[in-house]
Amino acid sequence: RLHHHPIPLIMTKTAFEDKEINLPEIDGIEFVNYHNEEQLNDVMRLVGQDLSEPYSIFTYRYFLHRWPQLCILAVPTDDKNAGENSEPQKRRPIGCVVCKID
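Computed from a predicted structure; not experimentally measured. Starting afresh in each chain, residues are numbered from 1 along the sequence in its written order. In keeping with the model being predicted, local features are shown solely for residues with a pLDDT of at least 70 and side-chain atom pairs are shown and tallied solely at 80 or more, while totals for entire chains, interfaces and linings include all residues. Hydrogen atoms and water are omitted, and side-chain values are computed over all heavy atoms in the structure.

Draft legend 1. Structural detail: the packing of aromatic side chains. Working definition: rings of Phe, Tyr and Trp (its six-membered ring) pair if their centres are within 6.5 Å, and the pair is stacked with planes under 30 degrees apart, edge-to-face with planes over 60 apart, and tilted otherwise. Under the counting rule described, the total for this entry stands at four aromatic pairs. Between the aromatic rings of Tyr62 and Phe63, the centroid separation amounts to 5.3 Å while the plane-to-plane angle is 85 degrees, which identifies the pairing as edge-to-face. Type-normalised accessible area, obtained with a 1.4 Å probe on protein chains alone, sets the label of each residue: buried when under 20%, exposed when over 50%, and partly exposed for intermediate values. A residue is classified by how much of its surface remains accessible, and Tyr62, at 40% relative accessible area, is partly exposed. For Phe63, a relative accessible area of 25% corresponds to the partly exposed category. Ring geometry for Phe63 against Trp67: centres 6.0 Å apart, planes inclined by 45 degrees, an arrangement best described as tilted. An aromatic cluster of three or more residues is present, and its members are Tyr62, Phe63 and Trp67.

Here's what the structure looks like:
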């Protein structure tokens with residue numbers, strides 16, 4: 001089970017439209033945005049761990065297709081199963097945040 005830890009104050013900046021979003025820097029973890037449906041099962045797995053009842057796949061698609069830039073996945077950089085030079089979207093995420101803008 002994933003344990004929730006406070007995010008350290010060391011931050012890096014990434015562009016989001018005309019604004020900047022601060023992402024934490026944590027040794028051994030790379031933060032990446034949602035890219036495509038290849039990551040959908042991982043998002044569903046991670047979010048579903050904490051739900052009392054599962055969301056339908058259409059709910060996930062609604063958020064991920066409308067606001068893909070607001071889905072952030074935490075991917076270990078030292079994933080031994082993925083190989084040293086594998087792309088972040090190919091490694092198995094260990095956490096995620098899914099958001100929307102109103």
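Draft legend 2. Structural detail: the sheet that holds strand β4 (residues 71-76). DSSP-based pairing: two strands are paired if at least 2 bridges between them are found. In DSSP terms, a helix is any run of H or I states spanning at least four residues, a strand is any run of E spanning at least two, and both are numbered starting from the N terminus. Pairing is antiparallel across the open sheet formed by three strands, whose spatial order is β3-β4-β5. In this open sheet, the two strands that pair with only one neighbour each are β3 (29-33) and β5 (95-98). Looking at each pair of strands side by side, their axes are set apart by 20 degrees on average, direction ignored. The pairing of β3 with β4 spans five bridges and is classified as antiparallel. The residue of β4 that forms the bridge with Glu30 is Val75. Here, axes are lines fitted to C-alpha atoms. For helices the fit covers the stretch in contact, and angles between N-to-C directions go from 0 to 180 degrees.

Draft legend 3. Here's a closer look at the environment of Asn41. As for its placement among the helices and strands, Asn41 is situated in helix α1 (residues 40-48). Considering only alpha carbons, one finds Asn41 and Tyr60, 19 residues apart in sequence, at a separation of 9.9 Å.

Keep in mind these numbers describe shape, not what the thing actually does.
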